[in-house]
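A closer look at the structure
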Amino acid sequence: MAKNSEKPGTSKGASGIWGGRFAAGPADIMLKINASIDFDRRLYAQDIAASKAHAAMLAKTGIISDDDGNAIAKGLDDIAKEIESGDFDFKQELEDIHMNVESRLGEMIGAAAGRLHTARSRNDQVATDFRLWVRDALNDLDAGVKGLQAALIDRADEHAATAMPGFTHLQSAQPVTLGHHLLAYVEMLGRDRGRAADCAKRLNESPLGAAALAGTSFPIDREMTAKALGFAAPMANSLDAVSDRDFALEFLSLAAILGVHLSRLAEEIVLWCSSQFAYAQMPDAFSTGSSIMPQKRNPDAAELVRAKAGGLIGALNTLMIVMKGLPLAYGKDMQEDKVPVFNAADTLALCVAAMTGMVAEASFNKDKMRVDAGKGYATATDLADWLVREKNMPFRDAHHVTGALVKLAEEKNVGLEQLSLSEMQSVSPDITESVFGVLSVEDSLKSRDSFGGTAPGRVQDAVNEARKRFLD
């Protein structure tokens, strides 16, 4: 066998990226497992922006000439146009978006392209690109969730006084209003947006200039590149800059929590659309039928949102497991950081849009909800509160008396409000006719007038306040 002959299953020649150290090229399977261009091409806009900032800084500090800096900037702009028009040829053998762009730049402007990588590494390059991408994704996510909040607030305004049963343990507990129920999700989503804002603030430091792990011997200006890219400051430690992905973990953590919130609302929509509840109906645009049962109308969009929370939780677990055992600084394992983040961002965008459509277009059966709001002795707590308030009875005693009255009503198969005064007085002689003024659903709702309560007036105030807090 000749000295330089290739082994079966290997590609010809050493890599043009790092080939000086190697006499032979990688195996075909190594090319496939090592390449990330199939997914990290999504970073192209951020990669070009960061490269332009780096080149401008190199020229400003005299590390490269102004002519080379200008040629690089123009070439990068032309590459961006090629990618956006679909004319760019992504090559797997060039591994990633960074080398695909740099290689094409060399074809366009010649030797000057080779100066772009001065004083940086792919390690700080990808960390910068990824932070920029996640920052953009957070901005998009915030806008989407704000739109969902707006839809919920609008429907809460419409149904500020619409009675429905409130549940604990999925058992009828106390009457609430539909508006109050929907505003609960507005608050959850507000905290989700707060987590996104916190994540965006913490990630907004620039890794660029950290190079491979130890910084660089060139007289670079990291403040200049940080400012050019909209970062608050350069990262303080070069090892940390290239090796941590806590910003991605934080994104996935908030994505998982948001996914859980969306899933809980989706589950309620599924329940409400069932014939057993019959509280809501989804429009045709967000429903499907059955291939065998012509009567079926399935809330599949809600079911899919409910299911996709699992993928969001899994994405967080995936990256946490990738990162948990890595010593400083960079390991190739970290190439696996992008797929779960990209997938999570795509999933959330779809789920938030679907949920916004469902909330905005759902129709609600107010009569059925009103009837059910009074079932299950839902005003029992109002009776106990009346005994405390009007008869100065200790709450535990009032609780006991009310429980006995509920038992009596169950035996007679009637509601609390249908018991006669004499029947109530057989349990507690102190009860008077005025008790019947607190046992209706409407009276119960009206009485829950504490801050954050379900009284229709409070709900209307909460709607107005939510618009100011979340939408202005």
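What you see is a predicted model; the values in this text were computed from it and never measured.

About the criteria used
- Residues numbered from 1 in each chain as written.
- Predicted model: local features only at pLDDT ≥ 70, side-chain atom pairs only at ≥ 80, totals over all residues.
- Heavy atoms only, no water.
- Helix = DSSP H or I, 4+ residues; strand = E, 2+ residues; numbered from the N terminus.
- Rg over C-alpha atoms; globule rule 2.2 N^0.38 Å.
- Buried < 20%, exposed > 50% of the residue type's maximum accessible area, 1.4 Å probe, protein only.
- Contact = heavy atoms within 4.5 Å.
- Areas by Shrake-Rupley, 256 points an atom, 1.4 Å probe, with all protein chains shown as cover.
- Core = buried A, V, L, I, M, F, W, Y, C linked by side-chain atoms within 4.5 Å.
- Phe/Tyr/Trp six-rings, centres within 6.5 Å; stacked < 30°, edge-to-face > 60°.
- Lys NZ or Arg CZ within 6 Å of the ring centre and 35° of its normal.
- Pairing = 2+ DSSP bridges.
- Polar contact = N/O pair within 3.5 Å; in protein donor to acceptor, adjacent residues only side chain to side chain.
- pLDDT = per-residue confidence, 0-100.
- Salt bridge = Lys/Arg side-chain N within 4 Å of Asp/Glu carboxyl O.
- Patch = residues over 30% accessible without salt bridge, like charges linked within 9 Å, V, L, I, M, F, W, Y side chains within 5 Å.
- Disulfide = S-S within 2.5 Å.
- Axes fitted to C-alpha atoms, helices over the stretch in contact; angles between N-to-C directions.
- Parallel < 35°, antiparallel > 145°, perpendicular 65-115°, else oblique.
- Left-handed = near helix turned anticlockwise from the far one by under 90°.
- Nonpolar A, V, L, I, M, F, W, Y, C, P; charged D, E, K, R; others polar.

Helices and strands together make up the secondary structure of the protein, namely 18 helices and six strands. Computed over its C-alpha atoms, the radius of gyration of the protein comes to 31 Å, more than 25% above the 23 Å expected for a compact globule of 472 residues. Burial status across the protein gives 47% buried among its 472 residues. Partitioning the contacts of the protein with sequence separation of at least 6, the portion at a separation of at least 24 is 72%. Accessible surface for the protein amounts to roughly 22,900 Å². Of this, 53% is attributable to carbon and sulfur atoms.

Right, let's get into the nonpolar core. Ranked by internal contacts, the top residues of the largest apolar core, which has 97 residues, are Val-134, Leu-138, Leu-152, Phe-251, Leu-262, Met-355 and Met-358. For this core, the element with the highest residue contribution is helix 10 (residues 246–273), accounting for 15 residues. Discounting chain neighbours no more than four positions away, the residues touching Phe-251 are Val-134, Ala-137, Leu-138, Cys-199, Val-341, Ala-344 and Ala-345. Among the nonpolar cores identified, the runner-up in size contains 19 residues, and Leu-387, Ala-398, Leu-408 and Ala-409 belong to it.

It is worth spelling out the packing of aromatic side chains at this point. Taken as a whole and judged by the stated rule, the model has seven aromatic pairs. Considering the side-chain rings of Phe-130 and Phe-342, the 6.3 Å spacing of their centres and the 85° angle between planes classify their relative orientation as edge-to-face. In this pair, Phe-130 sits in helix 6 (residues 122–158) while Phe-342 sits in helix 12 (residues 338–361), placing the two residues 212 residues apart along the sequence. The class for Phe-130 is buried, based on a relative accessible area of 0%. Judged by relative accessible area, which is 2%, Phe-342 ranks as buried. Counting every residue linked through ring pairs, the aromatic cluster contains Phe-130, Trp-133, Phe-247 and Phe-342. In this structure, Arg-42 packs its charged tip against the face of Phe-342, placed 4.8 Å from the ring centre.

Attention now goes to the pairing of strand 1 (residues 163–168). With six bridges joining them, strand 1 and strand 2 (residues 171–177) adopt antiparallel strand pairing. Of the residues in strand 2, the one forming a bridge with Thr-168 is Gln-171.

Along the chain, the position of Pro-456 falls in helix 18 (residues 456–471). For Pro-456, a relative accessible area of 27% gives the class partly exposed. Placed 296 residues apart in sequence, Pro-456 and Ala-160 show a C-alpha to C-alpha distance of 5.4 Å. Aside from chain neighbours lying at most four places away, what touches Pro-456 is Ala-160, Ala-161, Thr-177, Leu-445 and Lys-446.

The subject of this paragraph is the side chain of Asp-372. Counting through the fold element by element, Asp-372 comes out in helix 13 (residues 366–373). Engagement of the side chain of Asp-372 in a polar contact is seen with the side chain of Tyr-279, the distance being 2.7 Å. A polar contact of 2.8 Å, which involves the side chain of Asp-372, links it to the side chain of Lys-368. Not counting the four nearest positions on each side in its chain, Asp-372 is found in contact with Pro-165, Ser-172, Phe-277 and Tyr-279.

With that out of the way, let us pick up the confidence of the model for the protein. Detailed reading of the predicted coordinates is not advisable wherever pLDDT is low. Mean pLDDT for the protein: 92, with 93% of residues reaching 70 or above. Predicted confidence for residues 1–14 stays below pLDDT 50, and this span has 20 contacts to residues more than four positions away or in other chains.

Applying the stated criterion to the full structure yields 28 salt bridges. One salt bridge in this structure joins Asp-192 and Arg-195, with 2.9 Å as the shortest N-O distance. Remark: Arg-195 and Asp-192 occur in helix 7 (residues 178–203); sequence separation between them is three residues, near one turn of the helix. Residues participating in the shared-partner salt-bridge network are Glu-82, Lys-91, Arg-104 and Glu-107.

Turning to a nonpolar patch on the surface, a few remarks are in order. The grouping of Ile-29, Met-30 and Ile-33 at the surface amounts to a nonpolar patch, some 340 Å² of accessible area in total. Relative to the assigned elements, Met-30 resides in helix 1 (residues 28–34). The class of Met-30 is partly exposed, set by a relative accessible area of 41%.

Let us now look at the environment of Gln-418. Considering the arrangement of structural elements, one finds Gln-418 in the loop between helix 15 (395–412) and helix 16 (421–425). Note: C-alpha distance between Gln-418 and Leu-439 (21 residues apart in sequence) is 9.6 Å. A distance of 2.6 Å separates the side chain of Gln-418 from the backbone nitrogen of Gly-415, its partner in a polar contact.

Attention now goes to the side chain of Thr-128. You can see Thr-128 is positioned in helix 6. If near-sequence neighbours (up to four positions away) are discounted, Thr-128 is found in contact with Ala-50, Pro-207, Leu-208, Leu-229 and Phe-231.

With that settled, consider the state of the cysteines. In the structure shown here, the tally under the stated rule is zero disulfides. The cysteine Cys-273 is free of any disulfide, with Cys-351 supplying the nearest cysteine sulfur at 17 Å.

We now examine unusual backbone geometry. With an omega of 10°, the peptide bond running from Leu-328 to Ala-329 counts as cis. Its place among the elements puts Ala-329 in the loop between helix 11 (300–323) and helix 12. At Leu-170, a position not held by glycine, the phi torsion is positive, near 60°. Note that Leu-170 resides in the loop between strand 1 and strand 2.

Glancing now at the environment of Leu-471. Looking at where Leu-471 falls in the secondary structure, it is placed in helix 18. Classification of Leu-471 as partly exposed rests on a relative accessible area of 22%. Leave out the neighbours within four places in its chain, and Leu-471 touches Lys-146, Gln-149, Ala-150, Ile-153 and Ala-466.

In this section: the packing of helix 6 against helix 10. Taken N-terminus to C-terminus, the directions of helix 6 and helix 10 make an angle of 20°; their axes are 11 Å apart at the nearest point. If you check the angle between helix 6 and helix 10, you find them roughly parallel. The handedness of the crossing between helix 6 and helix 10 comes out as left-handed. Contacts between helix 6 and helix 10 involve Ala-127, Phe-130, Arg-131, Val-134, Ala-137, Leu-138, Leu-141, Val-145, Leu-148 and Leu-152 from the first element and Asp-246, Phe-247, Ala-248, Phe-251, Leu-254, Leu-258, Leu-262 and Leu-265 from the second. Per-class residue counts for the contact of helix 6 with helix 10 are 16 nonpolar, no polar and two charged.

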